[in-house]
Structure formats: C-alpha cells, structure tokens
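# Fold and contact review
Here is how the chains run, residue by residue.
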Protein chains: 2
Amino acid sequence: MPETVGLQQFFEPRSVAVIGASTKPGKVGHAILRNMLTGGFEGEVHPINPHAEEILGRPCYPRVTEVGGEVDLAVIVVPAAAVLSVMRDCREKGITAAIVISAGFKEAGAEGLARERQLGGLARELGIRVVGPNCLGIMSTSNGLNATFAEGMPKRGNVSMMSQSGALATAIIDWSIQQGVGYSKFVSFGNGVDVGVVDLLRAWEDDEETKVIVAYIEGLANGPEFMEVARQVSAKKPIVVVKSGGTQAGARAVSSHTGSLAGSEQAYNAAFMQSGVIRAQSVEELFDLAVAFSYQGPPRGRSVGIVTNAGGPGIMATDAVERAGLRLAGLEQETIHALRKELPEASNFYNPIDVLGDADAERYTYAAEHLLRDRNVDGVVAVVTPQAMTRPTETAERLAFAVAQSKKPVLACFMGGSAMEEAVEMLNERRVPVYLYPERAVEALAKMAEYREWLEEPPDEYIRVVPYTQGVERAFGAARAEGRVNLGEVEAREVLQAYGLRVPESHVAQSADEAAAHAEKIGFPVVMKIISPDILHKSDIGGVRVGIRDRQETMDAYDLMMLRVHRYAPEAVLRGVFVQEFIQAGREVIVGSTRDPQFGPLVMFGLGGIYVEVLRDVSFRVAPFGARHARRMIDEIRSAPLLRGARGEKPSDIDAIVNTLLVVSQMVTDFPQIVEMDINPLKVGEAGEGAVAVDARITIAEEE
Amino acid sequence: MPETVGLQQFFEPRSVAVIGASTKPGKVGHAILRNMLTGGFEGEVHPINPHAEEILGRPCYPRVTEVGGEVDLAVIVVPAAAVLSVMRDCREKGITAAIVISAGFKEAGAEGLARERQLGGLARELGIRVVGPNCLGIMSTSNGLNATFAEGMPKRGNVSMMSQSGALATAIIDWSIQQGVGYSKFVSFGNGVDVGVVDLLRAWEDDEETKVIVAYIEGLANGPEFMEVARQVSAKKPIVVVKSGGTQAGARAVSSHTGSLAGSEQAYNAAFMQSGVIRAQSVEELFDLAVAFSYQGPPRGRSVGIVTNAGGPGIMATDAVERAGLRLAGLEQETIHALRKELPEASNFYNPIDVLGDADAERYTYAAEHLLRDRNVDGVVAVVTPQAMTRPTETAERLAFAVAQSKKPVLACFMGGSAMEEAVEMLNERRVPVYLYPERAVEALAKMAEYREWLEEPPDEYIRVVPYTQGVERAFGAARAEGRVNLGEVEAREVLQAYGLRVPESHVAQSADEAAAHAEKIGFPVVMKIISPDILHKSDIGGVRVGIRDRQETMDAYDLMMLRVHRYAPEAVLRGVFVQEFIQAGREVIVGSTRDPQFGPLVMFGLGGIYVEVLRDVSFRVAPFGARHARRMIDEIRSAPLLRGARGEKPSDIDAIVNTLLVVSQMVTDFPQIVEMDINPLKVGEAGEGAVAVDARITIAEEE
C-alpha cells in the first residue's frame, strides 16, 4: 500500500471527476453527479462520458485525461470490466485517489474476485488509493462533498461513520436525515480492496471535525493492526462499532479445551475491550451512542441522578440504572434541602427525584440544576412525560440551558409522540441527546461511563520474562523430527520450564529399580506415567498411576505398566516411565491458548474440570496483554469467588495465576508456531504458595 | 368486592356524568368533558358543576342526583376531599361504576392513604365499582368513549392496554397516535383501590374486540389470583406485561439459601412463565409485541425464513435469529429451484435469501412468497433497505398481499427514514408489523413462537402424595411448644418422612452402648450428631462426626461429644446423639422453598455447595407446579449437564429430583406455615437409585 499517500484527497478534493456520469436520471452515474452538484461542494466537478456533450449543465469529457487542470479525486461508476482501464487513465492524469462505486467484484463470484485482485494490484502499482469497489461512496458535510448515489445528505455534525455495507449506509443516511443526526464524514468502503477500517481510523484520529467514530463492520482484514490503531485512536475519541456475523463460528478442527471454547465472538469481544472500542449490539444502539458521544462528554463516574415528572418512568429508569451497572447517586444534604424548599411536599426529594405531574418547566429545571450541582452526581437522566401541566418545549429549552451551564452529561428521555416533537427537535439543536425510552438513555450513559474509565486507565504493565529460547526450539524440533505436531509430555515440560513456569519434579526411568530410586529422591507419594509418543490416552491402558506410596509399589507399577502396554499396544515405541512429584494441594485452573484467524493468539482462563467443560465459565484476551487484563480475566469468570476464598476457604495465589497468564501471553506471542495449548490443570496453592503446571498439551503448526 | 357487577358499565355506558366538569380550558375537568364530547361517543354526557349553567354547550347540573334519566358511569374529577360525598350521590342516583380521576389519595402521604381506604370501604358498601383514584381514565375506541384527560385518542384496533402509571399511559397514547397503533380499550387504573389487573384480565378474556392484552404494572395486589386468571386468559389471547421496579429487592432477614437467593424478580419471572404471561423488558418491546400479536398469528415453530435486498442487514437478522433462540429454516429443494429459476445468479438462494440491491418489488415478493410456501418455514422476516432500484411502497404493497394469502406470520423490517415512510404506513394499514431494525422484528417473532408453544402445552401433571398430616403437625407443635420457629433435625425428618421422602436411617442413642448397638444395626460407616435445640452450629463444638467405622469408634465418639458439649455449652439441653446411616454415593443438590410476599411459596432448585452459594445457579417456580415445570427447573440451571451425565459420568436419578420438587411444592402449599426450608443436601444416586434428603432446615411462621 502506498502508505505515504493520506486520505485528504478523498475528503477535501479541489476538483472531482465523475467517470461514468450518466445523462439518464435513475442511473447511479447520474445520481452521483447530481449529488456532487447539489450538495454545496465548491470545487470543480467534471462529468466523464464519451457519449455526452454535457450533463446537468456541465461540459462532459470523453476521458478523464482530457480534463484541463488538475483532478484530485475520481469517482468511478463505469461497468466493472472497464474499471481497470479507467484506473490507468487516472494515473495518466496524476490522480491519486479513486472511489470505485462499480459492483461486479468480490461479491460476484470467481470472475469478480479475480478482477478485484487485479484492481488491488493495479492500485498499488499505480499509487492510487481506492475506496470500494461495490460501495455507496463518500460524504463530507463540511465542504458539501457528496460523492454517493444516496438520496440526500445528513446535516453537518461531528460524527464520522464508516460502513462495510452500502445498503446499511443508505438506510442510516436516510434515517439520520429524518432524525437530524449530524455527520462530519460518511464512508461506505464496500469490498475494501484498499482503504479499510484501519485507514479511516487513522484518517479521523486527529480530524478536528470528528468527535466520535462509528462503524458497521462484518470482518477485519488485519486484527492486530486494527487493535493497535484503535487503541491509539480511542484514547482520543470514542469508537463505536457494530460487528455483525458474530454467531457464525468457523468450523475448524480443534483438539484443546481452549480451542473448542474460543469462537470469533470471543476474539472480537476481547479485541474490542483491549483496544477501547465500544461495541454496540445493534444499529439502534449505534445511533444512541453516536448521538450521546456527539453531544455530551462522558461522566466522571457511575453515579446517576434521575429527575422525572412521573413515577412509573422514574422506576423504569431506576431499574435500568442497576441493570446497566450504574448506580443511583446518594444526594448531598444541600441538594435535598434546596429541593424541599421549592418543590411541593408530595415530591420525591431523593434520587430519583419526582417533581410530580403538574410540574412546569421552571420546577422541572430547578430540580435538574440542583442535581447537576450535586457533587455526588456524575450524570443526569431527565425524564419528561406529557402531562396536563407539562410544556415540553419550554421544559426542553430551559433544560438545555441548564445542560449548557454544566460539564456533566445530561441524557433526556421525552416520552410521547407528536406532543414531544418540537421539544425533541429543540433538544437536538441544543445538543442534548434525547431518547424515547428511559432504558436507552441509561444504557447510553453507561457506555459513556465505561469509555471514561478506559480513558483514565494507566498503561497496562507488561512484565516480560527472558525465556530459554533454545529449550523451546529443541522441544519443537524433537516433535517435528518425528513428524508430530502434538508435543509429548517431556517436550511440553521443556517449553514451560524454558519460560520459568513451575512443573512437577520428574525423572525418566528405564527400569523398575531406577523408578524406585527416582521416587525415593522425589518423595512419596509419586505419579507414574508411561512415555510413548504413540499412546495418546495413556490412562485407558493402565499407563498412568497416581498415589504410589512406597518403593515396592513403584517397582510393581513399573513392571505392570510395561507388561500391559506391551500387551495392548505392542507396536508402541516406549521410552520408559515418568516418575513425578504428586502435587496434592491446590485449586485446579486451566490456562490455554488458541489462534484466532483474525486476531492471532487468544489466551483463555477458567477453573478446571466442570467449570470449563460444562459451565463454559471462561474468559479471553488477545495476546500480548499486561497484568491488568490478566487480573480482569480472573475476575470475569463467574466462579472467581472460589479463588478469592469463598465459603471460608483460604484464597488462592492469584498472583501466581496472573504470572502464568502473562507468561503464556508472552510465549504464544514469541512463538507464533504454537497453534494451541492447554495448561490443565495448573494447580494453584494458597496465597504466596505459587502454582504448578501439572499437565500441558501443546500443538504446533505443521510447518513454519 | 361486588363480584357480580361486571365492567360493562365502564366500557359501554349509555350515559355518563362528568362530576367536576370545569368551564376553564386547561383544567382536567374541562379536558375530560371535551374528550367525552369530541371522541364520537353517542351516549348522553352530563356535566356536573354547581357553579355553571352549561359547559361546552351542554346543560350543567349542580349534583348528579338531579340529572333526569339513568346514568351508567360517573367520571369524578372533584378535589379529593369531596370524592366521598360525590360517591354517595352516585349511589343515590343508582350509578354502579365510577372513574375517580382525582389525585390526593395513597400517593399523597398518610392522610391520602386514609382517604383511599375510606374510598375503598365506601365503594364496597355502596356497591359501586371504582377505577382509580389518581388515574388518567378510560378509553374505548369502538364507541368513541374517551373518559380521560389525554390529548387525542388512538385509532380503533384490537389491542387493549392497562397501565398502573397515568403518565406512562399519556406517553403511550401520544406515541400510539403518531405511530398508528390501534387500540380497543385503554385503562389507566392508577392506585387501583378496586378495579385492578385481575378484573381487567377477566373483562377482556372473552372480549371479541381484544386480540392482545398489554399491561404496565409496578406490583400486584394478589399474586396467586393473578396467576390463576392470567393462566386462563393467556390460553385464549396473549398477555404482554412490562413489570417495573424489579431491581428493588425487599430487605428481609432470611436464614436459608433459598431465602437469600429468591428475590421479587425471580418470583415475577416464575409466576409469569407459569401463567403464560409474556414479559417485555421495556415499553419499546411492549409496543413491538403489541403490534406483532395484533396483526399476525404466532408461528407454528421456531424455523425462520429471511428475505433481504442487502447482505449486511441479512447478516444482522441471522445473528438475531440465533440469539433469540430461533433457527434459520433449511429450505426445501423445491423452493431453492424456484428461486434459482427467477433470481439473478449472484443472489443467495439459501436462507437468508438475498435478492440483491437492484431487486424490484416483483423479485422481492417472488422470494417472499416462495419462503411462505416452504413447509420448513414457520415465519418470515422481510428486510428491505432503500437502494437505487427499490420501490419501497410498491414492495410493501405486494408483500402485504402475499402476507394476506398466507397463514404464516411475516414481520417486516424496512430500514430508513423518509424513504420508507409511505411503505411503513402501507404495511401498518395492511396489518404487517414493521420495524426499523432487524433485531426487533426477530425478537418479536421469537416471543410469538414462545407463546405458540405455551398454547400447545398439554396441562401439567400434578402428582399428589397423601401425606401423614399428623406427623407434620406433631413436628410443628413440638417446636412451637418450645417457642422455636426453627425445626430441629428430628422434627424436620418427621416432616419429610410424612411426605414420603427418603431420609437416612437414624436412631437416637442415650448412651455409648446404645449408640454402638444402633450403629451396628445400621451398618458402618455411620454419622453421629448431637441432639440439642440450643446448639445451632453443632460442628463448631465437635457435635458432628462422620465416617465412624466401627463399634469402638462409635462409643468413643459418643463419650467425647458429651464431654465436649458439656464443656463448651454447659447450659445446653442435650437429648442424646443421633446415629445415622452415612449416604456415601450421590450428587448433592438443594431443593428449597421460601415465601414471596406477592406470590406465596416459591420453590428453588440448584446443585449443592458452590453451585448455589457462589455461582447462584438456581431456578425457581411458584408452588404448586407439576412435573413439566419440575423438569424445566432442572434443565434451566447451567450446571444441568452434570446431572445428565457430562464428562463420562453416569446420569443422576432425574426422576427422583422431580419427585422431590413436586413433594416440596405440595408440602409448602399444604402447610402455608412453612416460611422457609432447605433440603441440603439431597443426595441423588444414579438413574433408578433414588435420592435421600440427608439434611434439612425448616422454619415455620411465628404464629398461625
């Protein structure tokens, strides 16, 4: 990609050529030219069409090369087959930015896919940045640029939107015009052969006209790059994303617990969380949040004040506050006194404040102002229903004035239809977000609070160990030499030890006597396991014995194992028997990793056994991550209280789990050839006692 | 309550008196009279006001008693203090139905509460049914009756709505007028001193003008009565309820696990589920469902066909289908052939069917019709975005025609703003529910499918045991005789045994020799426990011993217990020692019950130990319930797979758990004096082996 070329040409071109402009109303090539001419764009607009003299009053050129003067941006609407030659014309003309509206590419079968690859290659070769193909185009409201075939353009605002779906973009534009939602930039990038999510995030990162970025995406080209850029951008402005197609998990053979529990949804959720991206669950929520972030700043904390002129909706807002993870602010005495002084006796002076159904605009706003002044209140939800004495528009006006005086966010809920229309319009104009239902206002406020918390997080601590790299490579080499991708127990131990993880003491014995000697050195009880790359399920054929209590049992076990293994798997290569320390005490947890096709290494945490297998009570992060996320992974599982010492038990060594998570995070980042791994169980002692990786499975890639 | 008087007078009065009608526009008493005169009501309307000759052209009477001819309904808007005397006037005039709009009752402090009680008593005494006080009033669209002070009246339709909140009712009316949602009856019952939820359910049960009942409630007067009536009504028509105020759990001292886990939310959810009531989580969802049920019948099953003219929204609908617990229908070969024949090659012929962005109304409807004809499809979600070739209104018209030809429900999603306005209006007129976002259409369809399943459920099997009632009463009596509300172990055993539940064999020993004799009879190992009503935490002072293996250990344990208990609790009354069978094998579960203030006995199920205490993985039902609900209680917990034999273990005896749940359900119904109980653990053997109630706590009410 020609990284040096920015995207300014797309948003601030001085002259634009519409290649494939059509004389016929109803055609896409006509609609785009019309939009370019009627949107208020002050630069030059050149229709290109070999069969017309002029279109919509503008002189028409047969080829873009024949336009006099420079052209900054080409909007291409010719049939797919002609796009490539038009691209060459663009190069000849010195154009470095093209929007390819034309369909007939990746979305249209094998031939289209080949054409799209050609287009991508050509764009790189010619040094032309491309938005599209198969897209709706671009809008920039500040200069009236409307290079789309949509009907109408939203008003100017500070939301910038990108959409992978042109149809959804059309619907959103139409809806935004009706609702009065203002945009700065609007990009439908279609198949995204070149310009995609990451480029647009970068373009809008320092764009002063963009206060909030919203996106509809179905997938990402480069997960790690997205995370890096999103993390950087979301430190400056909120990014709200609807990601669809979530429930279609890719069918892929997996052999680990982690692999079977990790899906694309988990990876996206983790990646978004780790990069500060706010995930909206629907386009409805996307709108709610776009408006909230566009108009108001996030609250300092999670304490909400509610003012209402009706009990029922007040209760609904209160319910929503608890469900959304916010809390009702406990008001200062001063506030309560002030409310008591001016409000009727039957009012509710405690949060939620009910100013009663006969409240006029003055009484309502008085209460709202006192809530905003209260030091315990971080944000306000203002509910108004259309009652006998309610003057919605006057209330909206006074409320908006109060909001403008305060630094705290106010989200309004004016319930009703035509009675509220004027008030809603007024609030929108004065930049007070207004919703039809209390729940939606509260949920938007909750996401704003989360975003504020993200902004205030200190950088995560990345603790790195210095691994014994040679040990890891030797283990991988040993498996590969035998054509295996699954590491044997000895090899897996080597890898863990190379990263300083504690494993049970163990020794290989080739005879009963040697086994007994090892066992005595380790100390009883011991565990014994057959060593054979050919036997996958050792315990099924008597290849595992636990709780061996003395020398005699050790020798007996050795001989019995050899006997049985020879009997049941006569072909198996035997490399002796493992004599291993038996880790008695400790809580069993699992730490694993798998590779997500989009984001790469994904690390999982859960409690062992049924917690993982039956309850699927696990948490995920994309590696690498730091200590804060490792701690959160532990807190996120439902069974976390068991580790913290629920039911009178002693707390487990959380620090040891955090350390293991960080080590695994580093390991799978250092060695991308690790495809899957499970440390299962990791036996965790009481606080301060550490953790031991009792068993581990590691699968590496077939070839490097 | 004068049960014999129905509610017809409220909805179909021939003549109405507005008592407190006002001459002043802006006053509630004026607004109601105006609404009564302008809504199209053809009966007589009499304003009552001692200070006016006529209002709005109608002759005014000083008292209702002076009206000539009969009056069926009084709408009372006089100040609260005058309501009681007006009620007496009504009686004198022979009026049996009154709507008390006036505020100043329960909602207005102690004095108001006293007044409300007087009003309730007087209503009963005079035989007048009362809607209100502190309410918005009543509408009935079929006869143009508008006895409210709201602005405007929704159009005629088949939704009947009741609301506990007048303000919310106002907002809903205003919004419904704007959206074109049609109603049959609309009742704001305010404080509900007489007519409440149950009366209205009964009134609308066989009302031919009501196809769906929707309700906003904050609480219920009589839970069991509500359940009984709702169960009966929901077998005829859907009841959709928004219940708010859910998160405010009542603070109440509880001693059992069940008590600490059961909240008002759990009780409402269980009660609604058991009576077929569909719970909407917000007023937004209430609207969605009102429209869906009003226009379309529920689908036969959960298989959904999706047709879309755009990929992105199709994916969003698909995601929503999975999240909502529906499934994408696998289409018949015939359907796929038909689609291939007429649709462009680039279309998606499999569900979701994408007819592409350039589809006209004909192509779109062709696909929709074939989906509707497909035997694998139970319902259709039809998504339309405003693209270049889309004619939304024509598409809406043809789609509506296709919908009318089919018995399967179709829920539409026309995404966009003004481009879709006409189409949306058209669909509403033709009774095709239409939503702005795919998720909302899908979620409404899912609730419809659930309702259909409810309709088709056979009656639940209620299996009753014949308890040894005397045994229970003796146990309760023994505790009460000592001033205790907590039953001792011996007493709790007696109660369980009286209902045929298996308990471990056990005997009381008064000496070491006797203990040894019992133990030998029971068979080792045994459990021993001190018997004393004064010692709550027996194990803390060495009062419990498990795993006693022989005669000598038994005798030692007896003597040690006596010694230690005398030392640590010298005052405690000792009644000997329990020698008990040790139930070794089995999965530990908990079956408990608590009393909900609204719904009465609530039964809980969960796995023992951490599953209940830490994971709070439990399910609830209101007792009494039958076998189907008992089975569902088991299936609902996340850890249910453990009982079904996850991880290669043998399945537990589910039938034995079902039986225990049913017995407890019956027990707490038979004996309302049981306030709380836990059987914890109930040890459940493998399938066919039964279950044993190893330990139980029962708390009874302080006095009967």
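Conventions and cut-offs
- Residues numbered from 1 in each chain as written.
- Chains lettered and ligands numbered in written order.
- Predicted model: local features only at pLDDT ≥ 70, side-chain atom pairs only at ≥ 80, totals over all residues.
- Contact = placed C-beta atoms within 7 Å.
- Helix = DSSP H or I, 4+ residues; strand = E, 2+ residues; numbered from the N terminus.
- Nonpolar A, V, L, I, M, F, W, Y, C, P; charged D, E, K, R; others polar.
- Axes fitted to C-alpha atoms, helices over the stretch in contact; angles between N-to-C directions.
- Parallel < 35°, antiparallel > 145°, perpendicular 65-115°, else oblique.
- Left-handed = near helix turned anticlockwise from the far one by under 90°.
- Pairing = 2+ DSSP bridges.
- Buried ≥ 20, exposed ≤ 12 C-beta atoms within 10 Å, placed from the backbone.
- Domains from an automatic or database assignment.
- Least-squares fit on C-alpha atoms with pLDDT ≥ 70 in both.
- Core = buried A, V, L, I, M, F, W, Y, C linked by C-beta atoms within 7 Å.

What follows is about the interface of chain A and chain B. Counting residues at the interface gives 57 residues for chain A and 57 residues for chain B. Of all the elements in the fold, those that place two or more residues in the side of chain A that touches chain B are α5 (166-179), α10 (283-295), α11 (311-323), α21 (610-613) and α23 (640-644) of chain A. Among the elements that make up the side of chain A that touches chain B, the one with the highest residue count is α5 of chain A (9 residues). Its residues placed into classes, the side of chain A that touches chain B shows 26 nonpolar, 20 polar and 11 charged.

Attention now goes to the packing of helix α6 (residues 197-205) of chain A against helix α7 (residues 223-234) of chain A. All names here are of chain A. Interaxial distance between α6 and α7 falls to 10 Å at its minimum, and their mutual angle equals 20°. What the angle tells us is that α6 and α7 run roughly parallel. As α6 packs across α7, the resulting crossing turns out to be left-handed. In this structure, α6 uses V197, V198, L201, R202 and E205 to contact α7, whose residues at the interface are E225, F226, V229, A230, Q232 and V233. Broken down by class, the residue content of the contact of α6 with α7 amounts to 7 nonpolar, 1 polar and 3 charged.

Turning next to the packing of helix α10 (residues 283-295) of chain B against helix α16 (residues 438-456) of chain B. All names here are of chain B. Contact geometry of α10 with α16 gives a least axis separation of 9 Å together with a crossing angle of 60°. α10 and α16 meet at a crossing whose hand is right-handed. Every residue of α16 that contacts α10 at D288, L289, A292 and F293 is listed here: R440, A444, K447 and M448. Its residues placed into classes, the contact of α10 with α16 shows 5 nonpolar, no polar and 3 charged.

As a further point, take the sheet that holds strand β1 (residues 15-19) of chain B. All names here are of chain B. Reading across from one edge, β2-β1-β5-β6-β7 is the order of the 5 strands in this open sheet, with parallel pairing throughout. Strand pairing shows two members of the sheet lacking a second neighbour, β2 (44-48) and β7 (129-131), which therefore form its edges. On average, each strand axis in the sheet is tilted by 20° relative to the strand beside it, whichever way the strands run. Pairing of β1 with β2 involves 5 bridges; the strand directions are parallel. Following the sheet pairing, I19 is matched in β2 by I48. Strand contacts of helix α2 (residues 28-38): β1, β2 and β5 (73-76), with the helix running at about 160° to β1, the strand carrying the most contacts.

All names here are of chain A. Taken residue by residue, helix α15 (residues 421-429) has A423, V424, M426, L427 and N428 as its buried positions. The elements touched by buried residues of α15 are α14 (392-405), β19 (410-414) and β20 (434-435). At the C-terminal side of α15, R431 shows a positive phi close to 65°.

Attention now moves to the environment of R545 of chain B. All names here are of chain B. By the secondary structure assignment, R545 is in strand β23 (residues 544-548). A count of 20 C-beta atoms within 10 Å places R545 in the buried class. In this structure, the C-alpha to C-alpha distance between R545 and V527, residues 18 residues apart in sequence, is 5.7 Å. Those residues within four positions of R545 in sequence are excluded, and the remaining contacts are V527, M528 and A557.

What follows deals with the sheet that holds strand β24 (residues 577-581) of chain B. Residue and element names in this part refer to chain B. Pairing within the open sheet is antiparallel, and its 4 strands lie in the order β21-β24-β22-β23. The open sheet has two edge strands with one neighbour each: β21 (506-509) and β23. Pairs of neighbouring strands in the sheet enclose a mean axial angle of 20°, with direction left out of account. Its contacts with the sheet place helix α19 (residues 512-522) against β21, β22 (526-530), β23 and β24, and it is angled at close to 15° to β24.

It is worth spelling out the domain arrangement of chain A at this point. Considered domain by domain, chain A is made up of domain 1 (8-210), domain 2 (297-456), domain 3 (505-581) and domain 4 (587-700). Its C-alpha centre places domain 1 of chain A at a distance of 48 Å from the equivalent point of domain 4 of chain A.

Attention now goes to the relation of the copies chain A and chain B. For the match of chain A to chain B, the screw axis carries a shift of 0.0 Å, the RMSD comes to 0.1 Å, and the turn is 180°. Here the transformation between the copies is reduced to the relation of a two-fold axis. When the interface residues of chain A are mapped onto chain B, 100% of them are again interface residues, pointing to one common binding face.

Attention now moves to the pairing of strand β28 (residues 674-684) of chain A. Residue and element names in this part refer to chain A. The element β28 is largely enclosed, with a buried count of 11 among its 11 residues. Sheet topology places strand β25 (residues 587-596) next to β28; 7 bridges connect them, and they run antiparallel. Bridge assignment links V591 to a residue of β28, and that residue is I679. Bridge analysis of β28 against strand β30 (residues 696-700) gives 5 bridges, and the strand direction is antiparallel. When the bridges of β30 are listed, I679 appears paired with A696. Pairing of β28 with strand β29 (residues 691-693), which is carried by 3 bridges, proceeds in the antiparallel orientation. When the bridges of β29 are listed, L682 appears paired with A693. The loop that links β28 with its antiparallel partner β29 comprises 6 residues; one of these, G688, has a positive phi angle of about 95°.

Before going further, it helps to spend a moment on the nonpolar core. Formed by 443 residues in total, the largest nonpolar core has its most connected members in V18, V75 and V381 of chain A together with V18, V75 and V381 of chain B. In contact with V381 of chain A, other than residues within four places in its own chain, are V304, I306, A317, L411, C413, P438, A441, V442 and L445 of chain A.

Here we take up unusual backbone geometry. Of all residues except glycine, most have a negative phi; of all peptide bonds, most are trans. Following F524 of chain B, the chain continues to P525 of chain B via a peptide bond in cis, the omega torsion being -5°. Tracing the backbone through its elements, the reader meets P525 of chain B in the loop between α19 and β22. For the bond running from A623 of chain B to P624 of chain B, omega is 0°, close enough to zero to count as cis. Residue L56 of chain A is not a glycine yet carries a positive backbone phi of 50°. Examined against the element boundaries, L56 of chain A turns out to sit in the loop between β3 (54-55) and β4 (58-59). Look at L56 of chain A and you get partly exposed, because 16 C-beta atoms sit within 10 Å. One non-glycine residue, R616 of chain A, adopts positive backbone phi at about 50°. On the secondary structure map, R616 of chain A appears in the loop between α21 and β27 (618-622).

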